[in-house]
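For reference, the chains in residue letters:
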Amino acid sequence: MVEWTEQERSIITGIFANLSYEEIGPKALVRCLIVYPWTQRYFSSFGNLYNAEAIRGNPNVAAHGIKVLHGLDRAVKNMDNIKATYAELSVLHSEKLHVDPDNFRLLADCLTIEIAAKLGTAFTADTQAAFQKFLAVVVSALGRQYH
Amino acid sequence: MTSLNAKDKNAVKAFWAKVPGNEEKIGADALSRMLAVYPQTKTYFSHWKDLSPGSPQVRKHGKTIVCGVGEAVGKIDNLTAGLLNLSELHAFTLRVDPANFKILSHNLLVVLAIAFPTEFTPEAHVALDKFLASLAGALSEKYR
């Protein structure tokens, strides 16, 4: 089981309490689709993803970014049992969506960059450590049910 | 690993033009984050007295690294040839596991995102990510 210090818990809940989902969600997904273009393979039904401008302006991408970010809320509320919390979502991503779990890490890195850009110097090394630890646990949980 | 096209090279050079004068600040921050977020990297610095963020050794080494990256920007048209000496250093003397190049690159990108939030667009990000990956490849050339 993952151990969290009080400081780590407070850092994670603090980040999400002050998060603008409508702003950061879309930006993180847009960044992922541009920086790691092979991730576009999962969004062929989203319409125009032909270039950076199209991706930025695509309402399906924006909506999905917000949805994915809200998906992290469950982990924030259940930090002591993230593995069980995401069992169902893991099966969904494996059996139905067929997402290569390595992509979870790529999106997590893009989210880290967006949060860093938003928080600026408030995103200290300790904050980064806690946030990346949290995302690593989420990513691991999402990859758990693949076989 | 994809090679850099003209667009990538121009994007990297344009972005890196903001760095001169800030090498120590950026390098120290990136190095400190790496040591804090990926504690296994501390194993390479067991000979340092002080691994804390503001320490003179962290600041000096951070500056060395970022200046090195800057030099690589200048040699962007042939990284493998241009970084031959540095590759030999990392391969035979330092023997840094190449996996760590990715880790340091990530932290460098985080620092650049914080320092230049508007300019570190996804387009700049992808160019720099490709460049740092190429740099890491060039540094790994002499390993085996």
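Residues numbered from 1 in each chain as written. Chains lettered and ligands numbered in written order. Predicted model: local features only at pLDDT ≥ 70, side-chain atom pairs only at ≥ 80, totals over all residues. Heavy atoms only, no water.

**Considerations on the packing of aromatic side chains**
Working step 1: The full count for this structure, using the stated rule, is 11 aromatic pairs over all chains.
Working step 2: When the ring of Phe16 of chain A is compared with that of Phe134 of chain A, the centres are 5.7 Å apart and the planes differ by 65 degrees; the resulting orientation is edge-to-face. Of this pair, Phe16 of chain A sits in helix α1 (residues 6-17) while Phe134 of chain A sits in helix α9 (residues 125-143); the two residues are 118 residues apart in sequence, bridging distant segments of the chain. The residues Phe16 of chain A and Phe134 of chain A share a single accessibility class, namely buried.
Working step 3: Aromatic pair Phe101 of chain B and Tyr143 of chain B: ring centres 6.4 Å apart, planes at 90 degrees, arrangement edge-to-face. (Phe/Tyr/Trp six-rings, centres within 6.5 Å; stacked < 30°, edge-to-face > 60°. Helix = DSSP H or I, 4+ residues; strand = E, 2+ residues; numbered from the N terminus. Buried < 20%, exposed > 50% of the residue type's maximum accessible area, 1.4 Å probe, protein only.)

**A look at the UniProt feature "domain: Globin" (unreviewed entry) in chain B**
Working step 1: UniProt's entry tags residues 3-144 of chain B with the feature "domain: Globin" (unreviewed entry), counted in the numbering of this structure.
Working step 2: Its end C-alpha atoms 21 Å apart, residues 3-144 of chain B is made of 68% helix and 0% strand. (UniProt positions renumbered as here; feature names shortened; annotations may be inferred.)

**So, the interface of chain B and chain A**
Working step 1: The interface of chain B with chain A comprises 19 residues on the first partner and 20 residues on the second.
Working step 2: Summing both sides of the interface, chain B and chain A together bury roughly 1600 Å²; the carbon and sulfur share of this comes to 61%.
Working step 3: When the buried area of chain B at its contact with chain A is split by residue, Arg33, Ile114 and Pro122 of chain B rank highest and sum to 29% of it.
Working step 4: The tally of links between chain B and chain A comes to 1 salt bridge.
Working step 5: Of the charged contacts in the structure, one is a salt bridge between Glu123 of chain B and Arg56 of chain A, with a shortest N-O distance of 2.8 Å.
Working step 6: The interface formed by chain B and chain A contains 9 residue pairs in polar contact (both at pLDDT 80 or more).
Working step 7: For the side of chain B that touches chain A, the secondary structure elements donating two or more residues are α2 (23-37), α6 (99-115) and α7 (122-140) of chain B.
Working step 8: Tallying contributions element by element places α6 of chain B first for the side of chain B that touches chain A, with 6 residues.
Working step 9: Among the residues forming the side of chain B that touches chain A, the class breakdown is 11 nonpolar, 5 polar and 3 charged. (Contact = heavy atoms within 4.5 Å. Buried area = accessible area lost by both parts, 1.4 Å probe. Salt bridge = Lys/Arg side-chain N within 4 Å of Asp/Glu carboxyl O. Polar contact = N/O pair within 3.5 Å; in protein donor to acceptor, adjacent residues only side chain to side chain. Nonpolar A, V, L, I, M, F, W, Y, C, P; charged D, E, K, R; others polar.)

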